[in-house]
Amino acid sequence: MKDKNKNAKIISKNARKKALNSIFGILAILGAEYYCAKNLMINPTDSIETGIYRNALINNFSKGHYVSYKPEAKFQKYIGANYNLKEKKKEITVLKKIAASEGDVVEIKNYDIYINGEKAGKVIKLKGLTENLPDSKRILSKDEYFLMGETPDSFDSRYFGTVKKKDIISEIKLVASGKSLESAMGWISNFKGKGKKV
């Protein structure tokens with residue numbers, strides 16, 4: 001009888017351990033999913049380097065750093081048109097580089113953008129947005145940023161204007177570039193294709 005009770009206690013103790021490990025495992029998976037949903041984003045466009053980005057732990061909004069920003073609703077239709085989204089109601093967060101910050105001079109002259117006197121790009125005429133764009137010049141104030149993509153047709157501050165620090169979601173860091181992901185996927189498919197059947 002004592003042996004049966006002893007065995008039952010051991011089984012009960014092992015069952016509790018397994019149950020606790022399962023619960024902790026599920027919580028870990030849910031925590032990882034929550035973290036990924038909140039902090040990781042995929043950039044499929046060439047506006048900046050394609051790949052997987054994560055929110056920075058500490059924001060350092062400096063020139064040359066990348067940030068995430070959600071343009072106002074009135075600009076969302078232009079972004080949606082570029083992405084051919086079926087769901088036009090979905091708001092898009094854009095990933096851009098800080099091209100100018102406090103003290104920098106941003107000038108628009110004949111649809112050309114100049115930052116501190118150097119040509120930085122062109123403004124494309126968009127119906128209802130920039131078809132009658134006047135020339136202008138301004139010095140950015142504290143906590144004001146001019147965001148740009150790295151391609152001529154990027155939808156950025158040339159269209160939605162300067163952005164205040166309080167409106168930037170986060171600084172972002174590249175975790176895995178699109179090129180490295182493509183080469184990894186290519187390597188995996190090559191490896192699968194070259195395997196010999198035994």
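The structure under discussion appears in the preceding block.
Residues numbered from 1 in each chain as written. Predicted model: local features only at pLDDT ≥ 70, side-chain atom pairs only at ≥ 80, totals over all residues. Heavy atoms only, no water.

**Brief notes about the overall build of the chain**
Heads up, the rule is: Counting from the N terminus, the helices are the DSSP runs of H or I reaching at least four residues and the strands are the DSSP runs of E reaching at least two. Here's how the labels work: a residue is buried when its accessible area is under 20% of the maximum for its type, exposed when over 50%, partly exposed in between, all with a 1.4 Å probe on protein chains only. A contact between two residues is defined here by any heavy atoms of the two lying within 4.5 Å. Methods summary: accessible areas were calculated by the Shrake-Rupley approach with a probe of 1.4 Å, and residue burial reflects only the protein chains presented.
For the chain, the helix and strand inventory stands at four helices and eleven strands. Counting across all 198 residues of the chain, residues that qualify as buried make up 31%. Partitioning the intrachain contacts of the chain with sequence separation of at least 6 by distance along the chain shows that 65% fall at a separation of at least 24. Accessible area of the chain: about 13,900 Å², with a carbon and sulfur share of 57%.

**Digging into the side chain of Gln 76**
Our working definition: Counted as a polar contact is a pair of N or O atoms within 3.5 Å, where, for protein atoms, one must be capable of donating a hydrogen and the other of accepting one, and residues adjacent in sequence contribute only when both atoms are in side chains.
Considering the arrangement of structural elements, one finds Gln 76 in helix 2 (residues 73-83). Engagement of the side chain of Gln 76 in a polar contact is seen with the backbone nitrogen of Ile 92, the distance being 2.7 Å. Residue contacts for Gln 76: discarding those within four places in its chain leaves Lys 70, Pro 71, Lys 90, Glu 91 and Ile 92.

**Some remarks on the sheet that holds strand 2 (residues 51-55)**
Strand pairing in a sheet is mediated by backbone hydrogen bonds. Such pairs are either parallel or antiparallel. Stated formally: We treat two strands as partners when DSSP finds at least two bridges between them.
What the seven strands build is an open sheet, ordered 1-2-11-3-4-9-10; its pairing is antiparallel. Two strands close off the open sheet at either side, each with one partner strand: strand 1 (40-43) and strand 10 (163-164). As paired elements, strand 3 (residues 66-69) and strand 4 (residues 94-100) share four bridges and run antiparallel to each other. Opposite Tyr 69, over in strand 4, you have Val 94 as the bridge partner.

**Describing the environment of Leu 174**
With respect to the element layout, Leu 174 can be found in strand 11 (residues 168-177). Taking the C-alpha atoms as reference points, Leu 174 and Leu 40, separated by 134 residues in sequence, lie 9.7 Å from one another. Every residue in contact with Leu 174, bar those within four places of it in the chain, is listed here: Glu 49, Thr 50, Gly 51, Ile 52 and Tyr 53.

**Description of the nonpolar core**
Condition: Note on terminology: a nonpolar core comprises buried Ala, Val, Leu, Ile, Met, Phe, Trp, Tyr and Cys residues joined through side-chain atoms within 4.5 Å.
Core analysis: the biggest nonpolar cluster contains 26 residues, and Ile 115, Phe 146, Leu 147, Phe 155 and Phe 160 have the highest contact counts within it. Of all elements in the fold, only strand 3, helix 2, strand 4, strand 5 (105-109), strand 6 (112-115), strand 9 (144-148) and helix 3 (157-160) reach the threshold of two or more residues within this core. If we skip the residues at most four places from it in the chain, Ile 115 touches Ala 99, Ala 100, Val 105, Val 106, Ala 120, Phe 146 and Met 148. Counting five residues, the second-largest nonpolar core is a separate cluster that includes Met 41, Ile 48, Leu 95 and Ile 172.

**Some words on the sheet that holds strand 8 (residues 136-139)**
As a reminder, the rule being used: Geometry is summarised by axes, namely lines fitted to C-alpha atoms with helices restricted to the contacting stretch, and by angles between N-to-C directions that run from 0 to 180 degrees.
Taking strand neighbours across the sheet as the criterion, the four strands line up as 7-6-5-8 in an open arrangement whose pairing is antiparallel. The open sheet has two edge strands with one neighbour each: strand 7 (118-122) and strand 8. Ignoring which end each strand starts from, the neighbouring axes of this sheet average 20° apart. Note that strand 5 and strand 8 share four bridges and pair antiparallel. Note that in strand 8 the partner of Val 105 across the bridge is Ile 139.

**Comments concerning the side chain of Thr 130**
Mapped onto the elements, Thr 130 comes out in the loop between strand 7 and strand 8. Other than its neighbours up to four places away in sequence, Thr 130 contacts Tyr 111, Val 123, Ile 124, Lys 125, Arg 158 and Tyr 159.

**Quick look at the pattern of salt bridges**
The criterion, for reference: The term salt bridge refers to a side-chain nitrogen of Lys or Arg lying within 4 Å of a carboxyl oxygen of Asp or Glu.
For the structure shown, the criterion picks out nine salt bridges. Residue Lys 63 is joined to Asp 104 by a salt bridge in which the shortest nitrogen-to-oxygen separation is 3.2 Å. Pair noted here: Lys 63 is in the loop between strand 2 and strand 3 and Asp 104 is in the loop between strand 4 and strand 5, with a separation of 41 residues, a long-range link. Note on Asp 104: relative accessible area 8%, which makes it buried. Here the salt bridges share partners, and the residues they tie into one network are Asp 112, Lys 119 and Lys 122.

**Quick notes on the packing of aromatic side chains**
Here is the rule: What counts as a ring pair is set by centres within 6.5 Å for rings of Phe, Tyr and Trp (its six-membered ring), and what kind of pair is set by the plane angle: stacked under 30 degrees, edge-to-face over 60, tilted for all other angles. Only when the NZ of Lys or the CZ of Arg is both within 6 Å of the ring centre and within 35 degrees of the ring normal is a charge said to sit over the ring.
This structure, assessed with the given rule, holds five aromatic pairs. Measuring from ring centre to ring centre gives 5.2 Å for Tyr 69 and Phe 160, while their planes differ by 40°; the resulting arrangement is tilted. Note that Tyr 69 is positioned in strand 3 and Phe 160 in helix 3, a separation of 91 residues in sequence. A relative accessible area of 7% places Phe 160 in the buried class. Through successive ring pairs, a cluster of aromatic residues spans Tyr 69, Phe 75, Phe 155, Tyr 159 and Phe 160. Geometry around Tyr 114 places Lys 109 over its ring, the cationic atom sitting 5.6 Å from the centre.

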